[in-house]
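# Analysis of the macromolecular model
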Amino acid sequence: MAFATMWELLQNGADGSPALGAPETAALSFKDLRALAADTVATLNRMGIGRNDRVAIVLPNGPEMAAAFLCVAAGATTAPLNPAYRQEEFEFYIADLKSKAVIVQTGDDTPARAAAAKLGVPLIELAPQRARGAGAYALSSSLTGTAATPGFAAADDVALILHTSGTTSRPKIVPLSQSNICASARHIGATLELKGNDRCLNIMPLFHIHGLIAAVLSSLAAGGQTVCTPGFNALKFFAWLDEVAPSWYTAVPTMHQAILTRAERNKESLAKSKLRFIRSSSASLPPQVMQALEETFGCPVIESYGMTEAAHQMASNPLPPRARFAGSVGIAAGPEVRVMDEEGNLLGPNTLGEIVIRGPNVTKGYEANPDANLKGFANGWFRTGDQGTLDDQGYLRITGRLKELINRGGEKVSPLEVDEVVMDHPAVQQVVTFAIPHDKLGEEVGAAIVLREGQSATERDIRDFAAKRLADFKVPRKVVFLAEIPKGATGKLQRIGLAEKLGLGK
Ligand code: AMP
């Protein structure tokens, strides 16, 4: 069905079909979700908030967060923020976004309240009403006014604003239109063959593009359901799997790894599992983890390549019977995907270059940032900042983020290549290769490792093991063993800045 706005997208489910769910909670039907969306837009309009007005959302992960995103986006611009931010961070984001209001949960003592008060931005209180179904809520505020452009949003209106997860520079504002996010939901639904009887278990944070679009929006666009947990918890995952009986879930690789470490103790849940497939995205999935997941769950693992600026999905491995390859992020899955050289020329198969994309899901450009737009776009293509190759069959392989490449005295080392080799060491559970500043070489190769429970290995063991398969300059010069590797807010391992965090920087 053609849909280019959130309101149109929400029409895709049958009246009585479940749209949103939560553990131990009755589902909210599509009919009730549509009523909630219409009511939310009318309520916001009475508060003076209309199309393209920005509303920051600071809510705990769960069905209300999903519902607020869907319903507010039906008539205004949503800006979901990480509820774990401190007051100063909230002040930065709420001001940077030019939010007209901030939605917080009644009774939630979030520092966003003080941040909004300091900036003079009004609050809207969201009171969950779980008895009416997962995600149901009521809004209240002292805010009154007349919206300049009331009613449901149009296809070109901005539905969602997120900041890039820039690790080195100031985060950039990414506006995504109603049609951008609808296109992405459609692309993901087509890749995964989502239907009305599919049920996704959401464990991803809902302030990140992955959770918002891949888990929530793609499900609803297909007339199916998303069951929203309070957030990832490896200890609860198998109980949720039993109760919810999802047909799929999507996560970042670190979550899949944590789930695998608990699998041995949960054989009964595994035997009953109804998973049709498992999706992985947002960081590279080590081939060893993909294999272990497929063996453990007995279903295909689909690795996809996503990014905020593309409203998430760019490429994906297809479902069987088509081929999927460990170490590849699959084929173009929505936008066109090509590889480009530094001068802006498109390159042929099997040639290394920067991955570029164009298509209906891609942002028109960063907000108020001509410099970033000049660098970010070339001849109508958006430069992803990722490096990779396309093979003859159109399968994309990512060699790393251009910014993360280690430059060891001019010799370039792809951290992903080193990760992949070290992961094969039997004592290694997790590894992140990163750059360590070096006086003469500029950068040197380091590796942070988490060992498997009850296993041991020395720095020497790891270096010897790596040296069997990697050229000398790629072998980590320094290996550190950690109980846990620092992760970003979305669960991604962070290479940039790791040396400094571990006290190995300058
Ligand atoms: P974000 O905007 O937070 O979704 O991050 C997007 C970035 O994550 C991409 O530009 C890639 O560098 C990385 N990424 C996403 N999916 C994958 C994947 N399957 N393999 C490797 N890197 C990925």
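Up top is the structure.
## Notes on the side chain of N317
- Secondary-structure assignment places N317 in the loop between β15 (312-316) and β16 (331-332).
- Among the polar contacts listed, one links the side chain of N317 to the backbone nitrogen of F325, at a separation of 3.2 Å.
- Filtering out sequence-adjacent residues up to four positions away, N317 remains in contact with T191, I302, E303, A323, R324, F325, S328, V329, G330, I331 and Y395.

## Things to note about the sheet that holds strand β2 (residues 25-29)
- The nine strands are arranged β2-β1-β11-β10-β12-β13-β14-β15-β16 in an open sheet whose pairing can be described as mixed. A single partner strand is all that each edge strand has here, and the edge strands are β2 and β16.
- In the sheet, strand β1 (residues 18-22) pairs with strand β11 (residues 225-228) via two bridges, with the strands oriented parallel. Looking at β11, one finds that G21 is bridged to V227.

## Comments concerning the packing of aromatic side chains
- A complete count under the given rule lists 12 aromatic pairs for this structure.
- Ring centres of F92 and Y93 lie 4.9 Å apart, and the angle between their planes is 80°; on these two criteria the pair is classed as edge-to-face.
- When its relative accessible area of 12% is taken as the criterion, Y93 is described as buried.
- Connected via pairs of aromatic rings, a cluster forms that spans Y85, F90, F92 and Y93.
- The ring centre of F3 lies 5.0 Å from the NZ or CZ of R186, which sits over that ring.
- R397 extends its terminal NZ or CZ atom over the ring of F325, reaching a point 5.9 Å from the ring centre.

## Considering the packing of helix α4 (residues 87-96) against helix α5 (residues 112-119)
- Closest axis-to-axis distance for the α4/α5 pair is 8 Å, and the angle between their directions is 50°. Regarding the angle of α4 to α5, the classification is oblique. The two elements α4 and α5 meet at a crossing, and its hand is right-handed. Mapping the contact onto sequence places Q87, F90, E91, I94 and A95 in α4 and A112, A114, A115, A116, K118 and L119 in α5.
- Its residues assigned to classes, the contact of α4 with α5 comprises eight nonpolar, one polar and two charged.

## Overview of the site of the ligand
- Taken together, 17 residues sit near the ligand, with S304, T308, D386, R401 and K492 positioned nearest.
- One of the side-chain N or O atoms of H208 is found 2.9 Å from an oxygen atom in the ligand.
- Counting residues per element, the ones that place at least two in the shell around the ligand are β14 (301-307) and β21 (396-401).
- Top contributing element to the shell around the ligand by residue count: β14, with five residues.
- Looking at the shell around the ligand residue by residue, the classes come out as six nonpolar, seven polar and four charged.

## Focus on the pairing of strand β7 (residues 137-140)
- Side chains Y137 and L139 of β7 all project onto a buried face; the interleaved residues A138 and S140 project onto a face where none is buried.
- The pairing of strand β6 (residues 123-128) with β7 spans four bridges and is classified as antiparallel. When the bridges of β7 are listed, E125 appears paired with S140.

## A short note on the layout of surface pockets
- The space that makes up the second largest pocket amounts to roughly 690 Å³.
- Listed by contribution, the elements that provide at least two residues to the lining of the second largest pocket are α9 (253-263), α10 (267-272), α11 (287-297), β24 (428-438) and β25 (442-451).
- Considering each element in turn, the lining of the second largest pocket owes the most residues, seven residues, to α9.
- Along the lines of polarity and charge, the residues of the lining of the second largest pocket split into 11 nonpolar, eight polar and nine charged.

## Here we look at helix α3 (residues 63-73)
- α3 sits mainly inside the fold: 11 of its 11 residues count as buried.
- When we look at burial in α3, the residues that qualify are P63, E64, M65, A66, A67, A68, F69, L70, C71, V72 and A73.

## Digging into the pattern of salt bridges
- This model, assessed by the stated rule, comprises 24 salt bridges.
- A salt bridge links E484 to K487, with the shortest nitrogen-to-oxygen separation between them at 3.3 Å.
- Each of E404, D419 and R495 takes part in salt bridges that share partners, so that together they form one network.

## A look at the environment of A22
- With respect to the helices and strands, A22 occurs in strand β1.
- On a C-alpha basis, the gap between A22 and P230 in space is 8.5 Å, while along the polypeptide they are 208 residues apart.
- Among all residues touching A22, those that are not within four sequence positions of it are P63, R130, A134, V227 and C228.

## A look at the environment of A159
- For A159, the location among the structural elements is in strand β8 (residues 158-163).
- Residue A159 is classed as buried on the basis of its relative accessible area, which comes to 0%.
- Sequence separation between A159 and L10 is 149 residues; the distance between their C-alpha atoms is 14 Å.
- Excluding residues within four positions of it along the chain, A159 makes contact with A73, A76, T77, T78, L176, S177, Q178 and I181.

## Details of the environment of L217
- Of note, L217 is situated in helix α7 (residues 209-221).
- For the pair L217 and I331, spaced 114 residues apart in sequence, the C-alpha to C-alpha distance is 21 Å.
- Excluding residues within four positions of it along the chain, L217 makes contact with M6, L9, F69, L70, I181, A185 and L212.

Rules used in this analysis
Residues numbered from 1 in each chain as written. Predicted model: local features only at pLDDT ≥ 70, side-chain atom pairs only at ≥ 80, totals over all residues. Heavy atoms only, no water. Helix = DSSP H or I, 4+ residues; strand = E, 2+ residues; numbered from the N terminus. Polar contact = N/O pair within 3.5 Å; in protein donor to acceptor, adjacent residues only side chain to side chain. Contact = heavy atoms within 4.5 Å. Pairing = 2+ DSSP bridges. Phe/Tyr/Trp six-rings, centres within 6.5 Å; stacked < 30°, edge-to-face > 60°. Buried < 20%, exposed > 50% of the residue type's maximum accessible area, 1.4 Å probe, protein only. Lys NZ or Arg CZ within 6 Å of the ring centre and 35° of its normal. Axes fitted to C-alpha atoms, helices over the stretch in contact; angles between N-to-C directions. Parallel < 35°, antiparallel > 145°, perpendicular 65-115°, else oblique. Left-handed = near helix turned anticlockwise from the far one by under 90°. Nonpolar A, V, L, I, M, F, W, Y, C, P; charged D, E, K, R; others polar. Near = heavy atom within 4 Å. 1 Å grid on protein atoms, 1.4 Å probe; cavity = no way out; pocket = protein on both sides within 12 Å on 5 of 7 lines; lining within 4 Å. Points joined across faces, edges and corners; volume = space filled by probe spheres on them. Salt bridge = Lys/Arg side-chain N within 4 Å of Asp/Glu carboxyl O.

Honestly, it's all geometry; don't read function into it.
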